[in-house]
Amino acid sequence: MTGNILILAYEAMPGSGTEAGLAEKWARIYSGQGYKVTILSSGPTDSPDQLNMWDPCISKVIRIGKNQHAKAAQKPHELIKNAIHYRNWTSQVRSFLKANSNWHIIHHVSWGSIRLAPAMTTVHPEAKTVWGPLGGGQLALFRGLPFRAWPQELLRAIAFPIAIARQRARFSGKTEPSLTLVTNDQTRKFADASGLDQVEMMFADGIDPAEIVDKGRTGAHDVVRLLWLGRMVHSKRPDISLLVLKNLLDRGVQASLVFAGDGPELVRLKQLSKRLQIDENVEFLGKVPWSQVIDLYDSSDYLVFTSMRDSSSPSVLEAAGRGLPSLVLRHQGVGSMVPEIVARGPRVWRGAQNLAMSLVDDVLAHRDDPQGYVHASNEAIAWARSQTWDNKVSYVLDYLGEEITDGQGRQPSNTL
């Protein structure tokens with residue numbers, strides 16, 4: 001297959017484990033299918049050292065506008081500021097697209113939120129367009145957040161009907177994407193209400209086959225090793241992992257917990273671990289490089305993921321690739337897209353202590369049935385293999401009616 005693919009990404013940084021790294025991952029596999037791939041992003045021109053970080057198969061990286069180094073919004077003014085920066089960039093992208101029309105496929109991967117308009121809605125009609133995978137159509141669980149986080153969620157809730165009306169107006173003509181990918185059931189409902197017809201489900205993150213182990217684990221350690229990974233912000237509720245550890249210890253189970261990450265909640269977490277009198281069983285590593293994260297997956301028994309907002313979770317997928325099951329609150333993307341045996345936990349939120357006790361029950365169930373843990377590990381690996389970047393690109397190309405050079409057919413929508 002030959003043709004030109006343009007990937008749109010407000011932030012594009014090769015090697016990043018966040019959304020900023022997605023453009024390079026999609027581009028690398030598209031290129032392997034024979035396409036000439038260009039990435040259009042924000043910020044100043046890459047330095048020679050930065051250009052050397054990109055995979056050589058990527059034809060070109062173009063930077064337009066200013067990269068405002070926007071971070072994940074935790075306060076209302078941050079949410080508004082990010083939206084303004086993003087809107088300014090999309091305006092510049094549309095001007096670029098009007099002046100450059102030689103694209104066979106345009107894939108907008110930037111900032112996976114269905115509330116934010118894609119930059120390719122005014123492109124030439126001959127181009128096939130892909131939007132997503134997207135979240136952003138789901139509300140956080142208010143009862144799961146501290147009160148100080150409610151103003152932002154209220155702002156997001158107020159913005160939903162406005163965003164739906166704007167998207168319906170935008171897609172009422174001939175500007176609907178050829179394919180829209182969504183990461184959870186709530187976002188799918190948002191997409192349907194916005195007037196989008198070609199909507200499919202896909203887990204937002206992918207994995208490389210080299211990161212997946214060949215076989216599952218033979219069992220858990222005698223001392224249960226918990227791992228919490230990510231940015232320490234209130235919406236991710238890292239404190240719940242401390243409650244899980246506390247409940248395990250109170251029920252006579254030897255256990256430990258490792259935090260890998262940094263953020264504004266770090267001080268509160270350290271204070272809580274001391275208040276619960278479990279600080280000797282907790283280790284705070286701070287931010288660690290991705291190569292070290294793999295070692296942490298391999299030395300742990302469970303990943304704890306209890307975010308109140310995230311529509312997906314790269315850590316759950318990465319952990320699954322290492323045969324590591326997760327303990328989760330099964331809602332939003334994880335609840336919609338990850339098999340229950342891979343990510344165990346309740347679907348209903350009844351409070352932090354109740355959730356922690358439920359997750360402890362899952363751990364104890366595996367201790368009573370060691371083969372159940374072995375089975376969960378093997379199923380985690382099988383699910384991870386269904387989520388490779390090759391599978392995701394093959395799915396998209398097949399949906400668009402493109403030839404797939406490796407002969408793989410379209411994957412069932414409920415596996416991606």
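Residues numbered from 1 in each chain as written. Predicted model: local features only at pLDDT ≥ 70, side-chain atom pairs only at ≥ 80, totals over all residues. Heavy atoms only, no water.

**Examining the overall build of the protein**
- A tally of helices and strands in the protein yields 13 helices and 13 strands.
- In terms of overall dimensions, the protein is globule-like: its C-alpha atoms have a radius of gyration of 21 Å, near the 22 Å expected for 416 residues.
- Here the C-alpha coordinates of the protein stretch approximately 65 × 45 × 40 Å along the principal axes.
- Evaluated residue by residue, the protein yields a buried proportion of 56% over its 416 residues.
- Put simply, 70% of the contacts in the protein that link residues at least 6 apart link residues at least 24 apart.
- Looking at the protein, you have 46 positive and 42 negative side-chain charges, and the mean spots of the two groups are 8 Å apart. (Helix = DSSP H or I, 4+ residues; strand = E, 2+ residues; numbered from the N terminus. Rg over C-alpha atoms; globule rule 2.2 N^0.38 Å. Buried < 20%, exposed > 50% of the residue type's maximum accessible area, 1.4 Å probe, protein only. Contact = heavy atoms within 4.5 Å. Lys, Arg positive; Asp, Glu negative; His and termini not counted. Charge placed at Lys NZ, Arg CZ, Asp CG, Glu CD.)

**Remarks on the packing of aromatic side chains**
- As enumerated under the stated definition, the model contains 13 aromatic pairs in all.
- Summarising the aromatic geometry, the rings of Trp131 and Phe171 are spaced 5.7 Å apart at their centres and angled 55 degrees between planes, so their arrangement reads as tilted. One end of the pair, Trp131, is in strand S5 (residues 128-134); the other, Phe171, is in the loop between helix H4 (150-170) and strand S6 (179-182), with 40 residues separating them in the sequence. This pair shows no difference in class: Trp131 is buried, exactly as Phe171 is. (Phe/Tyr/Trp six-rings, centres within 6.5 Å; stacked < 30°, edge-to-face > 60°.)

**Structural notes on the sheet that holds strand S12 (residues 326-328)**
- Read across the sheet, six strands follow the order S10-S9-S8-S11-S12-S13 without closing on themselves; strand pairing throughout is parallel. Each edge of the sheet is formed by a strand with only one pairing partner; in this case those strands are strand S10 (282-284) and strand S13 (343-344).
- Bridging between strand S9 (residues 255-260) and S10 involves three bridges; their strand directions are parallel. What sits directly across from Leu257, in S10, is Val282. (Pairing = 2+ DSSP bridges.)

**With respect to the packing of H4 against helix H5 (residues 185-193)**
- Closest axis-to-axis distance for the H4/H5 pair is 9 Å, and the angle between their directions is 45 degrees. Considered as vectors, H4 and H5 are oriented oblique to each other. Between H4, through Phe160, Ala163, Ile164 and Arg168, and H5, the contact on the second element is made entirely by Phe190, Asp192 and Ala193. (Axes fitted to C-alpha atoms, helices over the stretch in contact; angles between N-to-C directions. Parallel < 35°, antiparallel > 145°, perpendicular 65-115°, else oblique.)

**So, helix H8 (residues 290-299)**
- Listed in full, the buried residues belonging to H8 are Val293, Ile294, Leu296 and Tyr297. Considered in projection along H8, the buried side chains sweep an arc of 160 degrees and stay on one side of the axis. Structural note: H8 exposes Ser291 and Asp295 on the side pointing more than 90 degrees away from its buried face.
- Residues of H8 that are buried make contact with strand S8 (224-229), S9 and helix H9 (314-321). (Arc of directions from axis to C-beta.)

**Observations regarding the side chain of Ser273**
- Looking at the secondary structure, you find Ser273 in helix H7 (residues 266-275).
- Not counting residues within four places of it along the chain, the set of residues in contact with Ser273 comprises Leu242, Ile278, Asp279, Val282 and Phe284.

**Brief notes about empty space enclosed by the protein**
- Summed over all chains, the structure comprises two cavities of 30 Å³ or more.
- Roughly 40 Å³ of internal volume is contained in the largest cavity.
- As for the largest cavity, its lining consists of Ala9, Tyr10, Glu11, Glu19, Ala20, Val109, Ser110 and Trp111.
- Grouping the constituent residues of the lining of the largest cavity by class yields five nonpolar, one polar and two charged.
- A volume near 30 Å³ is recorded for the second largest cavity.
- Lining the second largest cavity we find Phe305, Ser307, Asp310, Leu329, His331 and Val334.
- The residue makeup of the lining of the second largest cavity, split by class, is three nonpolar, two polar and one charged. (1 Å grid on protein atoms, 1.4 Å probe; cavity = no way out; pocket = protein on both sides within 12 Å on 5 of 7 lines; lining within 4 Å. Points joined across faces, edges and corners; volume = space filled by probe spheres on them. Nonpolar A, V, L, I, M, F, W, Y, C, P; charged D, E, K, R; others polar.)

**Digging into the sheet that holds S6**
- An order of S3-S2-S1-S4-S5-S6-S7 is seen for the seven strands of this open sheet, with the pairing classed as parallel. Each edge of the sheet is formed by a strand with only one pairing partner; in this case those strands are strand S3 (60-64) and strand S7 (199-201). Recorded for the sheet is a direction-independent mean angle of 20 degrees between the axes of neighbouring strands.
- The pairing of strand S4 (residues 105-108) with S5 spans four bridges and is classified as parallel.

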